[in-house]
Amino acid sequence: MVILGIDPGIAQTGYGIIEENKGLRLIKAGIIKTDKKMPKEKRLLFLYKRLLEIIKEFSPESCGIEDVFFFKNAKTAMGIGEAKGICILASAYSSLPIYNYTPLQIKQAITGFGRATKLQVQEMIKRLLGLSYIIKPDDAADGVACAICHIQSLWSKNI
């Protein structure tokens, strides 16, 4: 089973592709970075097209997307919400089942503690996947964490 995890953002969207087959294996982690000089609609279109390419290349069976949580800055929250909408659209267009997870659920699934730090999450990802390095940048690690959370959720539901 191949799972896509996404951490949406307008400037950078992190993603992780994980394979579950008698254990977890990282296939790819990365970011989709948009040019800040471009108009927002062009940035969102770029994100959409790049996500479609990733989905086509790796053929995931489903997608876990990190939920937007409360921000003090409404402009930031709006941009992330718009990017999340594009992630949902690309996944739906590709007929992928979509599952949403809060940051607390993701941290709980990865570390067993919903208030874990980014570094604690990254260290656990490294251990869970048997890597010799911490996935960078943070957005890519967050996409991988979301994919692992989704796989664990599927395990618990026995899907």
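What counts, and where the lines are drawn
Residues numbered from 1 in each chain as written. Predicted model: local features only at pLDDT ≥ 70, side-chain atom pairs only at ≥ 80, totals over all residues. Heavy atoms only, no water. Axes fitted to C-alpha atoms, helices over the stretch in contact; angles between N-to-C directions. Helix = DSSP H or I, 4+ residues; strand = E, 2+ residues; numbered from the N terminus. Left-handed = near helix turned anticlockwise from the far one by under 90°. Contact = heavy atoms within 4.5 Å. Nonpolar A, V, L, I, M, F, W, Y, C, P; charged D, E, K, R; others polar. Salt bridge = Lys/Arg side-chain N within 4 Å of Asp/Glu carboxyl O. Buried < 20%, exposed > 50% of the residue type's maximum accessible area, 1.4 Å probe, protein only. Core = buried A, V, L, I, M, F, W, Y, C linked by side-chain atoms within 4.5 Å.

(A) The arrangement of the packing of helix α1 (residues 40-58) against helix α2 (residues 74-93) in detail. At their nearest, the axes of α1 and α2 sit 9 Å apart, and the two run at 35° to each other. The interaxial crossing formed by α1 with α2 has right-handed handedness. For the pair α1 and α2, contact is made by K40, L44, L47, Y48, L51, L52 and I55 and by E82, A83, I86, C87, L89, A90, S91 and Y93, respectively. Split into classes, the residues belonging to the contact of α1 with α2 amount to 12 nonpolar, one polar and two charged.

(B) Spotlight on the pattern of salt bridges. In this structure the tally under the stated criterion is six salt bridges. D67 serves as the salt-bridge partner of K84, at 2.4 Å between the closest nitrogen and oxygen. You can see K84 sitting in helix α2 and its partner D67 sitting in the loop between β4 (62-66) and α2, a full 17 residues away along the chain. For D67, a relative accessible area of 23% translates into the label partly exposed. Measuring nitrogen to oxygen at the nearest pair gives 2.7 Å for the salt bridge that ties D142 to K118. You can see D142 sitting in helix α5 (residues 138-157) and its partner K118 sitting in helix α4 (residues 118-129), a full 24 residues away along the chain. On the basis of relative accessibility, which here comes to 14%, the residue D142 falls in the buried class. The exposure class assigned to K118 is partly exposed, which follows from its relative accessible area of 41%.

(C) Focus on the nonpolar core. With 23 residues, the main nonpolar core has I18, I125, L129, I135, V144 and I148 as its most contacted residues. Those elements that place two or more of their residues in this core are β3 (24-33), α3 (103-111), α4 and α5. Residue contacts for I135: discarding those within four places in its chain leaves L26, A29, Q122, I125, A140, A141 and V144. If you look at the next biggest cluster of nonpolar residues, it comprises 21 residues, including I54, I55, C63 and A90.

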